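# Overview (structure and organization)
Here is how the chains run, residue by residue.
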Amino acid sequence: MRREEALALLLVGAAVIYLIEPTVENEVKKIVGSDREKKFDELVWAVAVNYNVDPDILRALARTESTWNPAAVSLDGKDIGLFQIRIGTARLFRPEWKPLGDDAIKALLLDPQNNADMAGRVLAELTAHGLGDSPAVFHAWNVGETKYRAGIRSPFVERYVVAYNDYSEGIA
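Heads up: these notes are all about the structure in this document. This structure is a prediction, so every number in the text was calculated from the model and none was measured.

Here we come to the packing of aromatic side chains. In this structure the tally under the stated criterion is three aromatic pairs. A centroid spacing of 6.5 Å and a plane angle of 10° characterise the contact between Phe40 and Trp68, whose relative ring orientation is stacked. Highlighted residues: Phe40 in the loop between helix H3 (34-39) and helix H4 (41-51) and Trp68 in the loop between helix H5 (55-66) and strand E1 (79-80), separated in sequence by 28 residues. Here Phe40 matches Trp68 in class, with each residue buried. These aromatic residues form a ring-pair network of at least three members: Phe138, Tyr160 and Tyr164.

So, in C-alpha cells, the structure goes:
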C-alpha cells in the first residue's frame, strides 16, 4: 500500500470514527487537525479582530466543518474550503463575486484567506442579529438564519459546541 493510500484510509477512518462516536473527537483532532490548526492560527485571529467575532467560534467551525482542511469539499460539492462556505453564500456576502461563474467562486473559496474572510463576514452578521453566542450561532450557521428563526435546529450542533468548549476552556 502506498503512503498516500494509507493516509487516505487513516483520514477516512478518522472521519468515520468522528461521525460514529463524537466523544473521540479529540483523538481524531490529534491525528488530522493539530498541525493544520496551528498553520491557520494567525489567520483566525486576524479575521476575528477584523470582524469583531469570537476566535473560538471560528476555530470550532473550522475544526467541525473541515478538520482544518482548506481543500475540503463536501460530497455534493456545495460546501467548500476551511469553513465549508457555499457558493450562494459567497455571492450574498461578496456582491462583487455575483457575476463570476461557480467554478471561479469555488476556486476563490479554496483559498483559506477568502474562505476565512467569508466566515468572518457571516459570523459578524449573525452576531449583529443577536446570534453570536453558542449554541445559537452554530444552529444558524448550519441551517441558516432564516430557518433557525423559524424554529429549525441543526442535529449536528453538539459537535460544534464540544469544539467551542474545548477552545474556550483551553483544552484544544
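Still more ground to cover, so stick around.
This brings us to the nonpolar core. Side chains of a nonpolar character, in soluble globular proteins, are inclined to be buried together. Within the largest apolar cluster, 43 residues are counted, with the highest numbers of intra-cluster contacts made by Leu58, Leu61, Phe83, Leu123, Phe138 and Trp141. Looking at this core, the elements with two or more residues in it are H4, H5, helix H6 (87-93), helix H7 (102-109), helix H8 (112-128), helix H9 (136-143) and helix H11 (157-168). Beyond its immediate sequence surroundings of up to four residues, Leu61 is in contact with Ser66, Phe83, Leu123, Phe138, Trp141 and Tyr160.

Taken as a whole and assessed by the stated rule, the structure comprises nine salt bridges. In this structure, Asp56 engages Arg59 in a salt bridge whose closest nitrogen and oxygen atoms are separated by 2.9 Å. Remark: Arg59 and Asp56 occur in helix H5; sequence separation between them is three residues, near one turn of the helix. With relative accessibility at 16%, the residue Asp56 sits in the buried group. Among the residues examined, Arg59 registers a relative accessible area of 9% and is labelled buried. Because the salt bridges share partners, they merge into one network encompassing Arg94, Glu96, Asp117 and Arg121.

Criteria and thresholds
- Residues numbered from 1 in each chain as written.
- Predicted model: local features only at pLDDT ≥ 70, side-chain atom pairs only at ≥ 80, totals over all residues.
- Heavy atoms only, no water.
- Phe/Tyr/Trp six-rings, centres within 6.5 Å; stacked < 30°, edge-to-face > 60°.
- Helix = DSSP H or I, 4+ residues; strand = E, 2+ residues; numbered from the N terminus.
- Buried < 20%, exposed > 50% of the residue type's maximum accessible area, 1.4 Å probe, protein only.
- Core = buried A, V, L, I, M, F, W, Y, C linked by side-chain atoms within 4.5 Å.
- Contact = heavy atoms within 4.5 Å.
- Salt bridge = Lys/Arg side-chain N within 4 Å of Asp/Glu carboxyl O.

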